[in-house]
Amino acid sequence: MLTVDQGENEGEKDKGSVEVGGDEEGTQQQDSQPMLADGLADRGPKSLTSSSGQQVSNGFTTSTPQSPREGPGTAACAAGTAPGPGGGTGSLAPLGGLRTLVVQQTSLERPRETWSKKMDFLLSVIGYAVDLGNVWRFPYICYQNGGGAFLLPYLLMAVFGGVPLFYMELALGQFHRSGCISIWKHICPIFKGIGFAICIIALYIAFYYNTIMAWALYYLLSSFRPTLPWTTCSNSWNTANCHRYMSSDHNVTWSNWSTSPAEEFYTRQVLQVHRSPGLHQLGSVSWQLALCLLFIFTIVYFSIWKGVKTSGKVVWVTATFPYLVLLVLLVRGATLPGAWRGVVFYLKPDWEKLLSTTVWIDAAAQIFFSLGPGFGVLLAFASYNPFHNNCYKDALVTSSVNCLTSFLSGFVIFTVLGYMAEMRQQSVDAVAKDAGPSLLFIIYAEAIANMPAATFFAIIFFLMIIMLGLDSTFAGLEGVITAMLDEFPHVLAKRREWFVFGLVCVCYLGALSTLTYGGAFVVKLFEEYATGPAVITVVLLEVIAVSWFYGTQRFCNDIQVMLGFYPGCFWRVCWVAICPCFLLFIIISFLAFPPEVRLFNYHYPPWTTVLGYCIGVSSFICVPAYMFYHLLNAKGTFKQIHSGSRLSVHSQGLPSSAST
């Protein structure tokens, strides 16, 4: 058996194997798994490299240069040619009394797209991981769970849970060069339902996540005024309970029923939740928000319609601009009176809270949703990398940037909250009672309105919110697009633009319920139930499938072929034991302590809990459903079924790490 290393096309290498016997024609076999012979070239004892860069595993060098796979395969020869199956031709060239078969193999498939630059990939991953949750969720959870003491469980959960999962997905995507659906034919076909579940979860996220950007766009457009509309109580949407409550307003009496102009602008003008009694009666669609969301999705479409070549350029703006704004707001916040009160409140450790299980649950959930494994995005982004790209280094760099951004955002938020507490002559705790989007759209918006140059700071702040959200939307939809194009290449590969257009239209129509007067209640329901428990369960199954079914040793061998070094004991232990326990801990805690869902003064009735779990199960049900379908249609023993897609290469004398 003679194995030939065929050449490289944008970082991916193909293999061909030819049986040679006397003067008989060679039989050429194609395989879709990248880098089979490449790993052997580095490790095989007889591998040699010719001046043209081609390698033959039996020690002989080829006599023709490599060429990319761009058309029907041909084989050049000095003595003569013989046609091979599939359009290729083979040749036997005499070499010192021995014959060397020279094969040039090409694939009929379109070459896979790659990133134009390494920074395109890094910025895309950072833009995906650093999202709105870094700005509002981390600071709130940090001060709520012991301030500086919370950093200890947060870092432990990151080191032993979040980063290993992050690294695992980058390595899987880069090695197999597939999206979250088709990758399972290389790993464990019976778990292919995980890919479909991930795509459904990504759609649910697109249904509500972009609505938050529509709110920010509404604020941005409202900021182009000399006086920001959420600073006064004389507008048409204000009520008699509206009062400015700052230290300069000496004639104002604040009561439990009083509301600030920022709160009324958010609830009564932007959301208009006062027109909806609850989820049972959402009301009409707000045409203003519908237009804002249409504009957001228009930007999304023209950023991703051509693939990573275009989105990789857009993130140079959308991923870097938020850091510039964060630095500007940090400097401005640090110069405000009372800023130190907010910083002390943010970082003052309360070590006793570490004895509470809730703190560790929040730390695990925060790092998981912040880094974002399990959404198919890291698999998709890494699949466009060159095969030998150092994804290990990328995982460490991008995850570190993400965690540091969360920490930096805490200073940006709490310096302003300290300023608000100073102006209101209240404690920081009383000012920071709002969590989630309300922290940005009410508290922070009100603080900006009371700063000098309020219009300027309002414009850059809400631009930052929009760009943080856009990066995550680009990534989430790209995960779905890559998965579907890889799974159905003959149908969708040449129709990417139309498929992306259809996907964006589906997302917009699915988001209409979040644009109603009660849309904020729908956003909260999706946020709590549609994504959290389902995606954690999916990632748990993913880790089990890779570590226990595909095998940690095989996975580590793949990484060694790809990166040139074998993962250390720490990573192997994390993938086999710690990460599954980490994810199981989050799932059990969610089931044992279900969140009390409420928004403003609306308490979600019990039937909404049932509805929420049904939405979550609707995505996860793809996993057992596909298992059942696969078992019904597959032939052979169970062991053969779950490993049926992995090609048997041991008969060729190849190591298991080269198998697909």
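As the structure is a computational prediction, the values presented were derived from the model and not from experiment.

Once that is clear, we can look at the overall build of the protein. Counting its regular elements, the protein contains 25 helices and 10 strands. The buried share of the protein, taken over its 660 residues, is 58%. Relative to all contacts within the protein whose residues are 6 or more apart in sequence, the contacts with residues 24 or more apart total 78%. When the accessible area of the protein is evaluated, it comes to approximately 26700 Å², of which 63% is carbon and sulfur surface.

Moving on: the packing of helix α17 (residues 454-487) against helix α19 (residues 496-510). At their nearest, the axes of α17 and α19 sit 11 Å apart, and the two run at 130° to each other. With respect to α19, the axis of α17 lies oblique. Relative to α19, the crossing made by α17 is right-handed. Along its contact with α17, which presents L477, E478, V480, I481, M484 and L485, the element α19 presents R496, F499, V500, L503, V504 and C507. Class assignment for the residues of the contact of α17 with α19 results in 10 nonpolar, no polar and 2 charged.

As a further point, take the environment of Y209. Looking at the secondary structure, you find Y209 in helix α6 (residues 193-222). The exposure class of Y209 is buried, given its relative accessible area of 10%. Distance in space between the C-alpha atoms of Y209 and V523 is 7.8 Å, their sequence separation being 314 residues. Non-local contacts of Y209, meaning those with residues more than four positions away in its chain, are made with D131, L132, L468, G469, S472 and T473.

Enumeration according to the criterion identifies 59 aromatic pairs in this entry. When the centroid spacing of 5.4 Å and the interplanar angle of 70° are considered together, the rings of Y143 and F414 count as edge-to-face. Residue Y143 is located in helix α3 (residues 132-144), and its partner F414 is located in helix α14 (residues 391-424); the two are separated by 271 residues in the primary sequence. Geometrically, the ring pair formed by Y219 and F265 is edge-to-face, given 5.1 Å between the ring centres and 80° between the ring planes.

For the rest of this paragraph, the subject is the state of the cysteines. A full pass over the atoms with the stated rule returns 1 disulfide. C180 carries a free sulfur, and the closest cysteine sulfur to it, the one in C199, is 4.0 Å from it. Looking at C180, the relative accessible area reads 1%, which means it is buried.

Looking at soluble globular proteins, one finds that nonpolar side chains tend to be buried together. Core analysis: the biggest nonpolar cluster contains 198 residues, and W215, W230 and F462 have the highest contact counts within it. Among the elements that take part in this core, α6 stands out by supplying 21 residues, more than any other. Ignoring sequence-local partners within four residues, the contact set of W215 consists of Y266, V270, L271, L289, P437, F441, A520 and V523.

On to the environment of R572, then. Summarising the element assignment, R572 is placed in helix α22 (residues 569-592). Taking the C-alpha atoms as reference points, R572 and P164, 408 residues apart in sequence, are found 9.1 Å from one another. The residues contacting R572, other than those within four sequence positions of it, are T552, C556, Y566 and P567.

On to the UniProt feature "binding site: Na(+)" (unreviewed entry) in the protein, then. Per the UniProt record, the feature "binding site: Na(+)" (unreviewed entry) sits at G127, A129, V130, N134, S370, N402, L468, D471 and S472. Taking the farthest pair of C-alpha atoms as the criterion, the annotated set spanning 346 residues converges on one region, since that pair is 13.4 Å apart. Topologically, A129 is positioned in helix α2 (residues 118-129). Not counting chain neighbours up to four residues away, the residues in contact with A129 comprise N134, S370, L371 and N402. Considering the arrangement of structural elements, one finds S370 in helix α12 (residues 357-371). The contact partners of S370, leaving out residues within four places of it in the chain, are A129, N134, N402 and S406.

Here is what the cut-offs are and how they apply
Residues numbered from 1 in each chain as written. Predicted model: local features only at pLDDT ≥ 70, side-chain atom pairs only at ≥ 80, totals over all residues. Heavy atoms only, no water. Helix = DSSP H or I, 4+ residues; strand = E, 2+ residues; numbered from the N terminus. Buried < 20%, exposed > 50% of the residue type's maximum accessible area, 1.4 Å probe, protein only. Contact = heavy atoms within 4.5 Å. Areas by Shrake-Rupley, 256 points an atom, 1.4 Å probe, with all protein chains shown as cover. Axes fitted to C-alpha atoms, helices over the stretch in contact; angles between N-to-C directions. Parallel < 35°, antiparallel > 145°, perpendicular 65-115°, else oblique. Left-handed = near helix turned anticlockwise from the far one by under 90°. Nonpolar A, V, L, I, M, F, W, Y, C, P; charged D, E, K, R; others polar. Phe/Tyr/Trp six-rings, centres within 6.5 Å; stacked < 30°, edge-to-face > 60°. Disulfide = S-S within 2.5 Å. Core = buried A, V, L, I, M, F, W, Y, C linked by side-chain atoms within 4.5 Å. UniProt positions renumbered as here; feature names shortened; annotations may be inferred.

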